[in-house]
Each structure stands twice: as C-alpha cells, then as structure tokens.
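Notes for the structure review
Letter by letter, the chains look like this.
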Amino acid sequence: MRIGMRLLLGYFLIVAIAAWFVLSIFVQEVKPGVRRATEGTLIDTATLLAEVGRDDLLNGDPQNGRVAQAFSQLHQRPFRANIGGIYKVRNEYHVYMTDAQGRVVFDSTGKGLGEDYSRWNDVWRTLRGQYGARSTQDDPNDPNSTVMYVAAPIVDQGKIIGVLSVGKPNSAMAPVIQRSERRILWAGGALLGIALLIGLIVAWWINRSISSLSRYADSVTHETPLPLPDPGSSELRKLAQALENMRIRLEGKNYIEHYVHALTHELKSPLAAIRGAAEILAEQPPPSVAARFIDNILVQNARMQSLVEKLLEQAKLENRVEIVPTRVSIDALFTRITDARSTQLAAKNIRLTGNGAALTVEGDADLLEQAFGNLLDNAIDFTPSGGSIVLSAEETQKQTLLKVTDSGSGIPDYALARIFERFYSLARDNGLKSSGLGLAFVQEVARLHHGDIQLHNREAGGVEAILRLHRPFT
C-alpha cells in the first residue's frame, strides 16, 4: 500500500473516531437536554398556575375555578404553530390539583378527579416542601407513553394547602429530539466527507511529491537524469537535496573508471600518431619531411590538451550542486556568442540571425554563454557552406526556451539516443570528430538551472536544439 494511502487511512480513522466520540456525546445529550429544558418550562408553568389555582382551592370549587375555565376555553380554541418545521396543533399539558391530603380536586382531563395521589412522587414530595417530579407510563402496555409531571406547592399564608402538577407526554418531545439527532448526524457525515476530501488532497500531494522524487531517483541510472524536482515542502525539499547529493556521490564511484576508459580510448589515437612521428624523426629524415611530422606532433598535442581541459571543465561542472542566479539578457547573450564566432561563420559563409525578443532569464551568465555557445558550435560544424542558423527565444507560462536552428543534414537516427553520452561524437564535414563533451556539458548546465535540453531533426531539414529554463528560477 502506498504511503499516501496509509496516511489517508490513518488520518481518516483518527477523524472518524473523534467524530464518532463527539457525535455519540451529542446524540446521548440531546434527549436528556430536551427533557431538562421541558422540565424547566413545566416548573415555570406549574408555579404560575399554582398562584392562579390558590383562590380556586380556597373557594372550595376548583372544578369551576379560573384554572378550569382557562382549560375549557383552551380546548375549544384551535391553534396551529410552526416551531422550526415542527407543527403544534393542540395543547398537550395535563394539569391536576390536589388538596393538602393529596386527593385530586381538579383534573384537566377529568379522569383522576377524587382519586388519592398522595403516594405519587410529585405530590408526596411537594406536600413536604421538596421539589416534586415524576415520570409515569400513561398506558402500562406502551413503554413510549410516559408523561413527565412537575409539581408546585399551593401556599396560603406560608402553609401548603395543596399541590398543582403539570404533565407533558414525552412523545411530544420526540420530533424535537429526532430532528436534532438527524441534524447532528448530517453534520457528522458532512464533517467526515470534508475530512476525507482534505485527506485525499493531502495524500495526492504527498504521492505526487514522492512520485516526482522516485522518478528523479530512477532517472539517475539513465544517461539523461531528470532535473531536481521541487516537492513544495521544506522536509521533502531536504530529501530531494539528499537524493541529489547521493546521486553525485554514486556517480562519483563509477566516474573515475568511466573517464579513465574514455580518456584512454580518446588519447590512444593521438599518442599513436605522436609515437609514429617520433620514430620517423629519430631516423633523421629530410627537413621537409621532419617539418611535416613535427606539425603533426603539435596538432596531436593540442588535441590532447584540449581534451584534458574539457574533461576538467566537465568534471568541475558536474561537481556543482547549485548556482547563484543573476538576471541575464538574452539579446546580450546572443551578441556575445555570435561575436566570438564571427570568423567561423564568415569562413563557411553561414547566414546567422538572432532574436532575443528583449527577454531575460535567471541563471549563471557564464555557464549559459558557454552552454549556448556549444550548441552554436555544433550548428556551425554541421551546417554546410552557404547555410543558415537561427537563434531565437520565447517565453511560455513557466519556461523560457532558447533555440538554435540550423539547416544542416540533421542527426542520424542511430545517434539520436546517444548524443548526450560523454565522448560520443559524429564526424563533421572535414572528417574530424569533436571531444564528444559539448552536449554533455550543456546537459549539466540545464540540470543546474532546473531545466533540460532537447535536440530533434526538423522536417524541413537540419536540427533544432531547445534549452528549456524554468522561470522564475528557484
């Protein structure tokens, strides 16, 4: 299982447990909370009606008193109330009044009149000056028919002369409780959904960052490693830098062996030529012959010196981990590299056009000049006399593209996959080969600038080299 999915499952499990814990508390508290609120209302109502019913009890005719008249009119007057989506169409209070002995002298339903309620908890406790309340099933066969009763004392001159109890069916509270529970559960479901969405986004970001690092690590074994990615967080950025350092160290293990073999192969030919010339010179040939072989020695010596210098330059570049960027003008860059090669261009009668479009890039000016100069050198070497080369630059949303386009013969298909290998080169028009380090140097410069280099044949003939530089440079 991928690490992002494991993190997502762990995160979602934690959120789900926390949500379940909180929701269970809310749901468990809804019912007693509603009942406590209802009980508080019943206390207020009972206390108020006890004050009204005192005169009825003192007059000795509670059945025709003001409380009885109020309930008689209440039952005759229909009403309809919309309480937050819950419709109330009838009075649900059950009120009864007892005397000081606990005998019912008034019942709003008329059922308990004359009965002895002195043993009921609400009446018994209230007659003794305590808070009285009870919850009783109205129908013994129906456990959902419970009614909550709250009593208030009827006091006259400091003496309790009776009790007034107000009851309300618990079933009347059920719609409120059910609606609250539904809303809490919906909110919990929405919370889990949002948490899952956030978790998916985080897991996607982590997987994407790790995948980019994995692709970079896999590309280390290739000849064209990917640019060092920017994962977007300080921790993963440190990991990316550690991978980059590891890449440099791992490459260093094979670096010497690879370069020794390549250098041996490249130096074998000029050394053989020098040795042959030296053997002929040892025989003291005529001056004209000696001069020709001396020139050959000097040419081969210059070739070896150039190769060694380029190797040192390449090795120095590959050991660099980062650069200090500055703002570089593309027009100025094109001008410098074309002025430095004006002689070669004139010798081959090559028409060169350039357009930097007044663009700028962030990077190392010297490295960019040398890298782009290498691309121009290749274009000059493989463009026939009378040909043309175009230097251009353009910007996309996130990149600046530096292009060198020539009208030469193009790159053979068999060489396309190897053009960035060190010491791999193709024969030029004069039959000579380069050191094979120019494009490898350009590739390293592109890597240091978090970009890449691509070469491809054009349908119209020739090659187009594109050096991509990301902007802004980070």
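The rules behind these values
Residues numbered from 1 in each chain as written. Predicted model: local features only at pLDDT ≥ 70, side-chain atom pairs only at ≥ 80, totals over all residues. Heavy atoms only, no water. Pairing = 2+ DSSP bridges. Helix = DSSP H or I, 4+ residues; strand = E, 2+ residues; numbered from the N terminus. Axes fitted to C-alpha atoms, helices over the stretch in contact; angles between N-to-C directions. Patch = residues over 30% accessible without salt bridge, like charges linked within 9 Å, V, L, I, M, F, W, Y side chains within 5 Å. Areas by Shrake-Rupley, 256 points an atom, 1.4 Å probe, with all protein chains shown as cover. Salt bridge = Lys/Arg side-chain N within 4 Å of Asp/Glu carboxyl O. Contact = heavy atoms within 4.5 Å.

What follows concerns the sheet that holds strand β5 (residues 133–137). Spatial strand order, β4-β3-β7-β6-β5: 5 strands in an open sheet with antiparallel pairing. Two strands bound the open sheet, and with one partner strand each, they are β4 (104–107) and β5. Strand-to-strand twist in this sheet, taken as the mean axis angle between neighbours without regard to direction, amounts to 25°. Sheet analysis places strand β6 (residues 146–156) next to strand β7 (residues 159–169), joined by 10 bridges and oriented antiparallel. Note that in β7 the partner of Pro-153 across the bridge is Val-163.

Okay, a nonpolar patch on the surface next. Taken together, the side chains of Trp-20, Phe-21, Val-22 and Ile-25 define a hydrophobic patch exposed on the protein surface, amounting to about 430 Å² of accessible area. As for its position among the elements, Trp-20 is in helix α1 (residues 3–58).

Here 5 strands make up an open sheet; going across it, the order is β9-β11-β12-β14-β13 and the pairing mixed. A strand with exactly one partner marks an edge of an open sheet, and here the two such strands are β9 (351–355) and β13 (452–457). Each adjacent strand pair in this sheet contributes to an overall mean axis angle of 15°, direction not counted. Pairing of strand β11 (residues 388–395) with strand β12 (residues 399–406) involves 7 bridges; the strand directions are antiparallel. Considered in β12, the bridge of Glu-395 is made with Thr-400. In the packing of helix α9 (residues 365–382) onto the sheet, contacts are made with β9, β11, β12, β13 and β14 (463–470), and the angle to β12 comes to roughly 25°.

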